[in-house]
Amino acid sequence: MSTNSFGARASLSVGGRDYEIYRLDALQARYDVARLPFSLKILLENLLRNEDGETIRAQDIEALATWDARAEPSKEIAFTPARVVMQDFTGVPAVVDLAAMRDAMSAMGGDPAKINPLVPAELVIDHSVQVDEFGTRYAFENNAALEFERNQERYEFLRWGQTAFDGFEVVPPDTGIVHQVNLEFLARTIFVNDRPSSHPTAPGLPQAYPDTLVGTDSHTTMVNGLGVLGWGVGGIEAEAAMLGQPMSMLIPQVIGFKLTGELPEGTTATDLVLTVTEKLRQRGVVGRFVEFYGAGVSALPLADHATIGNMSPEFGSTCAIFPIDAETIRYMSFTGRSAEQCALVEAYAREQGLWHDADSEEPTFTETLELDLSTVVPSIAGPKRPQDRIALADAATAFREALKGYLPEQDGEDDALEDTFPASDPTASQEPKNGDAPRHGHDHQHTEHVAATAVKTNGSAVPVTLADGTETELDHGHVVIAAITSCTNTSNPSVMLAAGLLARNAVRRGLRSKPWVKTSLAPGSKVVTEYYERAGLTGDLEALGFHLVGYGCTTCIGNSGPLPDAISKAINDNDLTATSVLSGNRNFEGRISPDVKMNYLASPPLVVAYALAGSMHVDVLNDSLGEDSDGNPVYLREIWPSAAEVAQTIEQAVQSDMFRKSYDGVYAGDERWRGLEVAEGDSFAWDDTSTYVQNPPYFVDLPREPKPVTDIVGARVMALLGDSVTTDHISPAGAIKPDSPAGRYLQEHGVERKDFNSYGARRGNHEVMMRGTFANIRLKNQLGGDLPEGGNTYYLAGDGEPEQMAIYDASMKYQEQGIPLVVIGGKEYGSGSSRDWAAKGTNLLGVRAVIAESFERIHRFNLVGMGVLPLQFKDGDSAASLGLTGFETFTIAGISGDTVPRELTVKADDKEFQVVARIDTPKEQRYYRNGGILQYVLRELLAAA
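1. Description of the overall build of the protein
(1) Moving on: For the protein, the helix and strand inventory stands at 31 helices and 35 strands.
(2) Moving on: The C-alpha atoms of the protein give a radius of gyration of 27 Å, which matches the 30 Å a tight globule of 945 residues would have.
(3) Moving on: Each of the three principal axes of the protein carries a C-alpha extent, and together these read 80 × 75 × 55 Å.
(4) Moving on: Counting across all 945 residues of the protein, residues that qualify as buried make up 64%.
(5) Moving on: Relative to all contacts within the protein whose residues are 6 or more apart in sequence, the contacts with residues 24 or more apart total 76%.

2. Observations regarding the packing of aromatic side chains
(1) Moving on: As enumerated under the stated definition, the model contains 26 aromatic pairs in all.
(2) Moving on: One aromatic cluster in this structure is built from Phe157, Trp160, Phe165, Phe684 and Trp686.
(3) Moving on: Here the guanidinium or amino end of Arg49 rests over the ring plane of Tyr209, the centre of that ring lying 3.6 Å away.
(4) Moving on: When the ring centre of Tyr635 is taken as origin, the NZ or CZ atom of Arg637, which lies over that ring, is 4.4 Å away.

3. Quick look at the environment of Arg771
(1) Moving on: Residue position: Arg771 is located in helix H26 (residues 766-772).
(2) Moving on: Sequence separation of Arg771 and Pro81 is 690 residues, and the distance between their C-alpha atoms is 34 Å.
(3) Moving on: In this structure, Arg771 is in contact with Pro741, Ala742, Tyr745 and Tyr808, ignoring residues within four places of it in sequence.
(4) Moving on: Polar side-chain contacts of Arg771 include one of 3.0 Å to the side chain of Tyr808.

4. Some words on unusual backbone geometry
(1) Moving on: The peptide bond linking Gly382 to Pro383 adopts the cis configuration, its omega dihedral lying at 10 degrees.
(2) Moving on: Among the structural elements, Pro383 can be located in the loop between strand E16 (379-381) and strand E17 (389-391).
(3) Moving on: Positive phi values are uncommon outside glycine, yet Asp174 reaches one of about 65 degrees.
(4) Moving on: Residue position: Asp174 is located in the loop between strand E6 (168-171) and helix H5 (178-186).
(5) Moving on: Note on Asp174: relative accessible area 5%, which makes it buried.
(6) Moving on: Even without a glycine there, the phi angle at Asp575 is positive, about 50 degrees.

5. Some points on the sheet that holds strand E10 (residues 229-232)
(1) Moving on: In space, the five strands of this open sheet follow the order E6-E5-E4-E9-E10, with parallel pairing throughout. Strands with a single pairing partner mark the edges of an open sheet, and in this sheet they are E6 and E10. On average, adjacent strands in this sheet sit at an angle of 20 degrees to one another, irrespective of strand direction.
(2) Moving on: Bridge count for strand E9 (residues 212-215) against E10 is four bridges, and the pairing is parallel. Within the sheet, the bridge partner assigned to Thr212 lies in E10 and is Leu229.

6. Points about helix H11 (residues 326-334)
(1) Moving on: Listed as buried for H11 are Glu327, Thr328, Ile329, Tyr331 and Met332.
(2) Moving on: Where the residues of H11 are buried, they touch H5, helix H9 (302-310) and helix H12 (339-351).
(3) Moving on: After H11 finishes, the residue Gly336 shows a positive phi value of roughly 100 degrees.

7. Here's the deal with the sheet that holds strand E31 (residues 847-852)
(1) Moving on: One closed barrel holds the seven strands; their spatial order is E27-E30-E31-E32-E35-E34-E33, and the pairing between them is mixed. This sheet shows a mean twist of 35 degrees between the axes of neighbouring strands, independent of strand direction.
(2) Moving on: Across three bridges, strand E32 (residues 869-873) lies against strand E35 (residues 911-917) in antiparallel orientation. If you follow Phe873 over to E35, its bridge partner there is Val915.

8. Regarding the pairing of strand E19 (residues 462-466)
(1) Moving on: Counting buried positions over the five residues of E19 gives four, a clear majority of the element.
(2) Moving on: Sheet topology note: the E19/strand E20 (residues 471-474) ladder contains four bridges and is antiparallel. The residue of E20 that forms the bridge with Pro463 is Glu473.

9. Digging into helix H13 (residues 395-403)
(1) Moving on: The complete set of buried residues in H13 reads Ala395, Ala396, Phe399 and Leu403. Seen along its axis, H13 keeps its buried residues to an arc of 95 degrees; they face one direction.
(2) Moving on: Buried residues in H13 make contact with E16, E17, strand E23 (578-582), strand E24 (596-601) and helix H19 (604-613).

10. Focus: the pattern of salt bridges
(1) Moving on: Tallying each qualifying case throughout the model produces 51 salt bridges.
(2) Moving on: Of the charged contacts, one joins Asp573 and Lys569 as a salt bridge, the two residues approaching to 2.7 Å between their closest N and O atoms. Residue Asp573 and its partner Lys569 are located together in helix H18 (residues 565-573), separated by four residues, close to a single helical turn.
(3) Moving on: Measuring nitrogen to oxygen at the nearest pair gives 3.3 Å for the salt bridge that ties Arg744 to Asp809. Of this pair, Arg744 sits in helix H25 (residues 741-748) while Asp809 sits in helix H27 (residues 807-816), and the two are 65 residues apart along the sequence.
(4) Moving on: When its relative accessible area of 33% is taken as the criterion, Arg744 is described as partly exposed.

11. Some words on the side chain of Asp595
(1) Moving on: Summarising the element assignment, Asp595 is placed in the loop between E23 and E24.
(2) Moving on: Although Asp595 is buried, it forms no salt bridge, and the closest oppositely charged side chain is Arg778 at an N-O distance of 7.2 Å.
(3) Moving on: Here Asn572 takes part through its side chain, which lies 2.9 Å from a polar atom of the side chain of Asp595.
(4) Moving on: Excluding residues that lie within four positions of it along the chain, Asp595 makes contacts with Leu563, Ser568, Ile571, Asn572 and Ala578.

12. Focus: the confidence of the model for the protein
(1) Moving on: In this model, the protein carries an average pLDDT of 91, and 94% of its residues clear a pLDDT of 70 or more.
(2) Moving on: This model gives residues 410-458 a pLDDT under 50, and the stretch forms 129 contacts once residues within four places in sequence are excluded.

13. Overview of the nonpolar core
(1) Moving on: Among the nonpolar cores identified, the biggest contains 205 residues, and Phe774, Tyr829 and Phe890 are the most heavily contacted of them.
(2) Moving on: Val480, Ala499, Ala578 and Leu612 belong to the second largest nonpolar core, which has 100 residues in total.

14. Examining the state of the cysteines
(1) Moving on: Taken as a whole and assessed by the stated rule, the structure comprises zero disulfides.
(2) Moving on: Free of any disulfide, Cys553 has its nearest neighbouring cysteine sulfur in Cys556, separated by 5.2 Å.

15. Concerning the packing of helix H29 (residues 857-865) against helix H30 (residues 922-929)
(1) Moving on: Following both chains from N to C, one finds H29 and H30 inclined at 45 degrees, their axes separated by 8 Å at the closest point. In this view, H29 runs oblique relative to H30, as classed from their interaxial angle. Taken together, the residues of H30 that come into contact with H29 (itself represented by Arg860, Phe861 and Val864) are Glu924, Tyr927 and Tyr928.

16. Side note on the packing of helix H3 (residues 88-107) against helix H28 (residues 836-844)
(1) Moving on: The contact between H3 and H28 brings their axes to 10 Å, and the two run at 50 degrees. If you check the angle between H3 and H28, you find them oblique. Every residue of H28 that contacts H3 at Thr90, Pro93 and Asp97 is listed here: Asp836, Trp837 and Lys840.
(2) Moving on: Of the residues in the contact of H3 with H28, the class split is two nonpolar, one polar and three charged.

17. Concerning the environment of Thr793
(1) Moving on: Here Thr793 is to be found in strand E28 (residues 792-795).
(2) Moving on: Note: C-alpha distance between Thr793 and Leu720 (73 residues apart in sequence) is 9.1 Å.
(3) Moving on: Beyond its immediate chain neighbours, meaning those up to four positions away, Thr793 contacts Met718, Asn781, Leu783, Leu787, Glu803, Gln804, Met805, Ala806, Ile807 and Ala810.

18. Examining the side chain of Thr221
(1) Moving on: Note on placement: Thr221 falls in the loop between E9 and E10.
(2) Moving on: Given a relative accessible area of 1%, Thr221 falls into the buried group.
(3) Moving on: Thr221 has contacts with Gly230, Trp231, Gly309, Asn310, Ser312, Pro313, Thr318 and Cys319, leaving out every residue within four places of it along the chain.

19. A word on the environment of Gly227
(1) Moving on: Residue placement: Gly227 occurs in the loop between E9 and E10.
(2) Moving on: Put simply, Gly227 and Leu302 are 75 residues apart on the chain and 10.0 Å apart in space, counted from C-alpha to C-alpha.
(3) Moving on: If we skip the residues at most four places from it in the chain, Gly227 touches Phe38, Ile42, Ile321, Phe322 and Ile324.

Conventions and cut-offs
- Residues numbered from 1 in each chain as written.
- Predicted model: local features only at pLDDT ≥ 70, side-chain atom pairs only at ≥ 80, totals over all residues.
- Heavy atoms only, no water.
- Helix = DSSP H or I, 4+ residues; strand = E, 2+ residues; numbered from the N terminus.
- Rg over C-alpha atoms; globule rule 2.2 N^0.38 Å.
- Buried < 20%, exposed > 50% of the residue type's maximum accessible area, 1.4 Å probe, protein only.
- Contact = heavy atoms within 4.5 Å.
- Phe/Tyr/Trp six-rings, centres within 6.5 Å; stacked < 30°, edge-to-face > 60°.
- Lys NZ or Arg CZ within 6 Å of the ring centre and 35° of its normal.
- Polar contact = N/O pair within 3.5 Å; in protein donor to acceptor, adjacent residues only side chain to side chain.
- Pairing = 2+ DSSP bridges.
- Axes fitted to C-alpha atoms, helices over the stretch in contact; angles between N-to-C directions.
- Arc of directions from axis to C-beta.
- Salt bridge = Lys/Arg side-chain N within 4 Å of Asp/Glu carboxyl O.
- Lys, Arg positive; Asp, Glu negative; His and termini not counted.
- pLDDT = per-residue confidence, 0-100.
- Core = buried A, V, L, I, M, F, W, Y, C linked by side-chain atoms within 4.5 Å.
- Disulfide = S-S within 2.5 Å.
- Parallel < 35°, antiparallel > 145°, perpendicular 65-115°, else oblique.
- Nonpolar A, V, L, I, M, F, W, Y, C, P; charged D, E, K, R; others polar.

If you want it as structure tokens, here you go:
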């Protein structure tokens, strides 16, 4: 119940039904709230409705109502999201933590039932399917069977959670990608809480308020396209939100991004979002809200809004939101929301000044940028960061330049690149990938595609013998993965149908994908496959090898599956720099495939084009993609579908009934899901032999009161890292190497190599995940300057010379001796996915502090949430400028006390320098003092009881 200091409580009648609302214009007489950005109006309503005089006070509401657009964020508020959404990679450890908290609550004499979601929590299983089989009509069936076979323990655990916790729903596997399911089905835009309200004149009214959320995936921001305010957080922060903890945040700056004009012919939403990403990353928007406005907003379909919102983590903002407008209502109605819900959304938005149209007054913003949509050109991004946009016209040249950095010096000269593959390789088989015999179980090595013979001969080209006896060659720059995948694009009918139409045109001209390309199609929901069928494009995509492989993140999350044996062998035996092209949002080093060094993001039709070309050396705008049946060259411009053709196909093929049909009974799942064994009881029965789900150590012998925090004395450096170290580098999601600490652990526990699964799937087991921390195969630890790539370090506390060993092994030795550890990083430390294990693993390895030049938002908070101190070099300082080698012994003093000072002094042998403690709010100080956010929440719930 709100204390309603500003008299904002009122009622709204829509369609004969009354709702309790909290009116924003109740503040207008004193403050000009009408000019606040859309996103801040939503936060203001959140404060008015949840005002309690303690966590949210009248002065907090006034601080937001009097927002100074240009002031540096300094005023703290508490945000209470309406719901929490999760995917299974991050959701499983969240549910593991909740189960462990129940045990801890019971052990401390409390009621374990107090550990229960107090706001709706929804989990979509979409990260576990892998592309084991591809290029056959049975790929989806067999990949889904393997997914259940590998992940049965995890799925049984989630089924237990669905029954043990109230307000917790699970969307079963093989349904869709979390963000597309959220956009098409879960999102309300205006939320209705049917619990009786406290309205003085009409008690019992349901409350209506903006739908807000946090999600355990950084791309939660995709739902910003629907006017829903939400962003990605770590699993630990989401758990606190589920348990009713308001989220402490500083009132942010808001960047206005004005869109004008219309996209030109031949460009796609993907080209637009890569352009937006480049511009905003260059401007610097980390920790800020981004809000889109202007006439161009209405010129884009809502799927394009969602595509842009999805990429918010790539340009670094907290959110990237579009206001509610007529397109919002059209999309909601089209995707199956009820007429009553659509009417409520429009009426509420108009009543509260949240509606956008051509006559809307421009809000006040901190800064503004502008993009004329007509200036957007076809683009890709890579080879290792999504913000590194390349105009398609420059792609081949830019690739050749980037390739030099991946080749030995003698192969890096320009003349060594002159004789690479032409646009159409005369030795390449143009036959489609048939392989249509059904296969089951573990027969997924694809020997039917490529035989296991590959030897290096003259130059860098490597002969490879195919299963049908045809020989072709593999070389630097060949595209070995072409994947239509990920939430960024697969929710957008315009780019998905453009890919299908391009495939149709290519097949009619007699083109086929190059035989060394692993092709895959992983739609974001079943709606996509249905409109492909209705448009008659499924067969054309399959003729090029783009068969359905699953409904999930697949390649974008690192679940690309193994390459055919001979392709993999040729790459690794000859150190070839292979490439991938995917329609995703992430292309970080080591993420997509251990066999692939360079990765490019592109629109779905360009993914098809590069599968036809087979090499990044091909200038797809000007070189032929192959030859037709008469031997004539075929160019991309000849088979690229027009915007009118795409629009006509959308109108004919994408129908409203598809959404209702796809989501009818969505929580029930298929026979495999319904047939899982479900444990009973409020507490989970942990199995000590499980390699998937283990009781984590965070609450072992946890005292009722936190222990005093002490200074960090005598610390050694575990890793000295450069710029743009991502959460993938810190906590990989993909394959587990057999000779890694995690691989050895699994083998010691009887797990065969074929059953390793991935780090992402093993996130419910801290023993695997702590061994995988800093174990990315592309991690470059600069400690000593001569360490091989991967999770290696020097152990510095021995009697003799520094000893090289795995980071995990060194960590265990340091911890046995009671020696604290620090990590040193560069700019943008912790960018990428909202991966709580990047912080959890850091904590479990004994790291007390991370010193970096700058932090990405989510990872900085996650470090605090796990009791690890994030310290930032002062402006102009870095490890290099201070002459730090990483071999020093570090002391960080001044931490002891009730509050960590904003500035601390670090001593590293004879060097001394100042750092900024990035504990940004008073609530974060409390989290850090308690050893982490979960420990704080547990103690708070215990005290309240």
